[in-house]
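Chain by chain, the residues run as shown.
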Amino acid sequence: MKRLIVGMLMAFPLAASAQYAGKVFVDVNHNGRWDKGETLVKDVSVSDGLNVVRTDAKGRFSLPGHAKERFIFITTPSGYKTDQAYYRRIEGKDKSYDFALLPYGGGVKKDGSHSFIHISDTEIGQVAGHDEWTAGMRDYAANEHVAFIMHTGDICYRPGLESHIQIMNSANMPETQVFYSIGNHDLVSGNYGEEYFESLYGPAWYSFDVGNTHYIVTPMYGGDHWPSYLKKDVYAWMANDLKYVPKSKAIYLFNHSIADDMEHFRLPLNEKEYIDLPAHNLKAWLYGHWHVNHVHRHPATGVCSICSSTPVYGGIDHASSAFRVMHIDGKGDFTSELRYSYLDKSMAFASIQNRQAPVLPSGAVPLSVNVYSTVSPVVSLRYSCFFDGKRMVADAPMAQQTDFNWYAEMRLPASVDGQYITVQVDAVFSNGEKARQKTVFRYERQATAQPSVAADWTSMLGNAAHVGIVTDTLSQPRLAWVKNVGSNIYMASPLVYQGAVYVASVDDNETGRATLVRMDARTGEVKWRYRLAASVRNNIAIDAGKLFAQDVHGILYAVDVETGQLSWKADLEIGVVPPLNDGLVAAKGVVYAGTGKSMAAFDAASGRRLWRNTGWDRGEGCTATLSLSDAGVLIGHAHWGGLFANDAATGKMLWGSWDGELRHRSSSAAMWGDVFYILSAQSLFVMEARTGRILTRKKLGYDVNVSSTPLVTETEIIFGTSNRGIVALDRETYEEKWNFRTKPAMILSAPYIGNHPATVEASPLLSGGTVYVGASDGSLYALDRKKGTLLWKHTTGAPVFAAMSISGNMLYAADFSGNVYGFVCDVKARKTK
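Position numbers for residues count from 1 along each chain, tracking the sequence in the order it is written. With pLDDT at 70 or above as the cut-off, local features in this predicted model cover only qualifying residues; side-chain atom pairs require 80 or more to be listed or tallied, and sums for whole chains, interfaces and linings still use all residues. Note that the side-chain values use all heavy atoms of the structure and ignore hydrogens as well as water.

A. Geometry of unusual backbone geometry. The step from Ile 155 to Cys 156 runs through a cis peptide bond, and the omega angle for that step is 20 degrees. Position of Cys 156 among the secondary structure elements: in the loop between strand S11 (148–151) and helix H2 (157–167). Cis geometry marks the peptide bond from Val 577 to Pro 578, where omega comes out at -5 degrees. Assignment of secondary structure puts Pro 578 in the loop between strand S40 (566–571) and strand S41 (585–587). In this description a helix means any DSSP run of H or I spanning at least four residues, a strand means any run of E spanning at least two, and both kinds are numbered starting from the N terminus.

What follows is the structure, given as structure tokens:
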């Protein structure tokens, strides 16, 4: 049995004649040298990369050195910063190394509470083109008094390492301090993998204190080139570092990837001894590498592993472009917040568009406003109403629903029925900035058309094959109602079943806000909420009177549609990373869930597992939804791993395709009889469902790494793209027929696509001759099927990642703010021959 090590000094053999000494002082005049009268600081930890000592009452230290020594560095104490001078490279025969501390508040409050920013995997190659997201993060850090920014690696390669130090140095980030750890792509050619990183950023492992919290930075242990260090080198130093950290003091550990031991967080020192991090009060292990936004609390220890994707563009699993803000309280506990990149005081009336607004039975007008700014949170929203030049409502407050959405109900007198009303909304941000928007609508207390629902819509695009075609033509959508569910909605399309709408929401900060919600399809009234353990990021399904959803931790839920009570649930056993982002499908009394070897079929009524896939493994985070043909072929996906088909009845793997482009999985398959249509990388594929034979490969010449499922009409194939909006190909010739360019994405989601792309993740659907689709630019669109011309638009002011739904004369949509929209439409039935 291994022995627990808590606060034990470890040492390697000393280098011959090595002896280092120096002092730590407060550099009042900022000249980098100790001058008489400047305060010498005691009890500061100083290390040579293995041994750790504390400065004495006169700020002095002495270190023995060791065989692998390269730096002398300090644990920067709370209340100070060093402008990256927390380390000194050991040079030649120099044996004396002093450290100058600069007083630094860093937003640390009296109780020790503070905030920091976590980013990862920026993977930049040059300075140009990265000023926008860095400026937003820099300004947020200054506005909100962030203590530090932590980059957990993949900076990346030599060009990235050179550029990043220019972009985020102390001159460009004067209001905070920036720390780095090594990722696999930061281990580059040289005498050893970390050599170039060290020349720019200093030691590969170190620690620092902020408030009442101790932070430990560790490197990736393998990558493009082998490092000179081993895990045992880092762990031996860490054991010595922790000797001087009280067990009551909270600890956070940074690394580019996850811990080897994700159950107990124990780090082996040798065959008999280990560091028990939870015993040292480890609160969280923060990492990157996987390009996902994911928080996972480990039940055995209560420790959280927290992954942050890149702020530059979408993550591998289409995670939102964002930086993570960690708010640490006086006890060292945290709350997390994602701040989305690239948004500058964005504000839109989600419930008032095209001079029209819904009216509640009470006569009040629901006012829903989406507003967001990267650099500073919104602190208040107030609205005023005007008629005939006179103010009817003055500076009435709105209530915040989510990070994007604010809501109020405007009460207007019956005397203005039929008149045009001006609404003004004023936003105040935490940094003191303000924004104002105005709009005009006609107040109509009596709706001209009443909502009516008809056929059920039980899966993404209405069916398990994901065809997405309604023969009746819905036109002139008018908003009948809008309801916010209290948390963001990502790629889960609204479903319609027996007069109700069902949606699923996400909570990438694990604050308990992820839910399944049932609403009245005609009014939007919430009938029940089912609280989830974690986010449902993709499509849900209904069958046999049950609503099915799978969360990012791999828990499959079956909830009774009438009562909102859990019927059964199952653990798909997916592991910690990547999170389960895929969508599921259900039909004929069976639900198909999971991915790779966690993919399984369950009896919808009882939850009994019918089979489990053994033929193929999962890949990276994937946003595709399982597709099921009428002939019983189930199409599954492994991002960067391939495309696969299983027999839906037996679970037997029918075929797998590891074609270079088909390994890039984002889109779901649209099943058409014996064939299916699917997007991948830069191509459209038409394939035989049962054999996997590629019938057509249309090279597009642009990226389609989006979740958009191709809409196959009589004469077109229509789909969203990573950076060209919506495209239609001729179904016979596969030549481009039209291209509708949406506006730039509000939040970037497509992997590795930047520079304000016109991204469409949502799948289009067809109603008669009209294509309905939402876009990442924060708008819903109706387009002419044949020409691609704009017929209608409703701006939500928040990205739309999920497909819309149709039932009766109602069109339903959901946006990232957590708003669900019900539009009543004119209906023209298709004539039958």
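Right, picking up where we left off after that structure.
B. Spotlight on the pattern of salt bridges. Note on definitions: salt bridges are taken to be side-chain nitrogens of Lys or Arg within 4 Å of carboxyl oxygens of Asp or Glu. Scanning the entire structure with this criterion turns up 27 salt bridges. For Asp 98, the salt bridge identified is with Lys 23, shortest N-O distance 3.0 Å. In this pair, Asp 98 sits in the loop between strand S8 (87–89) and strand S9 (99–103) while Lys 23 sits in strand S2 (residues 20–26), placing the two residues 75 residues apart along the sequence. Exposed residues in this analysis have more than 50% of their type's maximum accessible area, buried residues have under 20%, and partly exposed residues fall in between, with area computed by a 1.4 Å probe over protein chains only. A relative accessible area of 23% means that Asp 98 is categorised as partly exposed. Judged by relative accessible area, Lys 23 falls into the partly exposed class, the value being 22%. Asp 826 is the partner of Arg 478 in a salt bridge, and the nearest nitrogen-oxygen pair spans 3.3 Å. Taken together, the residues span a long stretch of sequence, with Arg 478 in strand S32 (residues 473–484) and Asp 826 in strand S63 (residues 819–828) at a distance of 348 residues. Residue classification places Asp 826 among the partly exposed residues on the basis of a relative accessible area of 35%. Through salt bridges with shared partners, a single network forms among Arg 70, Arg 89, Glu 194 and Glu 198.

C. Representation of the sheet that holds strand S3 (residues 45–47) within the structure. If you trace the four strands from one edge of the open sheet to the other, you get S4-S3-S6-S8, paired in antiparallel fashion. Of all strands in the sheet, those with a lone pairing partner are strand S4 (52–54) and S8, marking the two edges. Averaged over all neighbouring strand pairs, the angle between strand axes comes to 20 degrees, with direction disregarded. Strands are labelled as partners when DSSP assigns at least two bridges between them. Where S3 meets S4, three bridges bridge the pair, whose relative direction is antiparallel. Within S4, the residue paired with Ser 47 across the bridge is Val 52. Each axis is a line fitted through C-alpha atoms, taken for helices only over the stretch in contact, and angles between the N-to-C directions span 0 to 180 degrees.

D. Up close: helix H4 (residues 231–242). A helix is expected to span 1.5 Å multiplied by its residue count minus one. The terminal C-alpha atoms of H4, which comprises 12 residues, lie 16 Å apart, in line with the 16 Å expected from a rise of 1.5 Å per residue. H4 sits mainly inside the fold: 10 of its 12 residues count as buried. Among the residues making up H4, those that are buried are Asp 233, Val 234, Tyr 235, Ala 236, Trp 237, Met 238, Ala 239, Asn 240, Asp 241 and Leu 242.

E. Inspection of the environment of Val 536 at higher detail. Counting through the fold element by element, Val 536 comes out in the loop between strand S36 (526–531) and strand S37 (541–543). In this structure, the C-alpha to C-alpha distance between Val 536 and Phe 387, residues 149 residues apart in sequence, is 43 Å. Only heavy atoms matter for contacts: two residues are in contact if any of them lie within 4.5 Å across the pair. When neighbours within four sequence positions are excluded, Val 536 is seen to be in contact with Ala 504, Ser 505, Val 506, Ala 549, Gln 550 and Asp 551.

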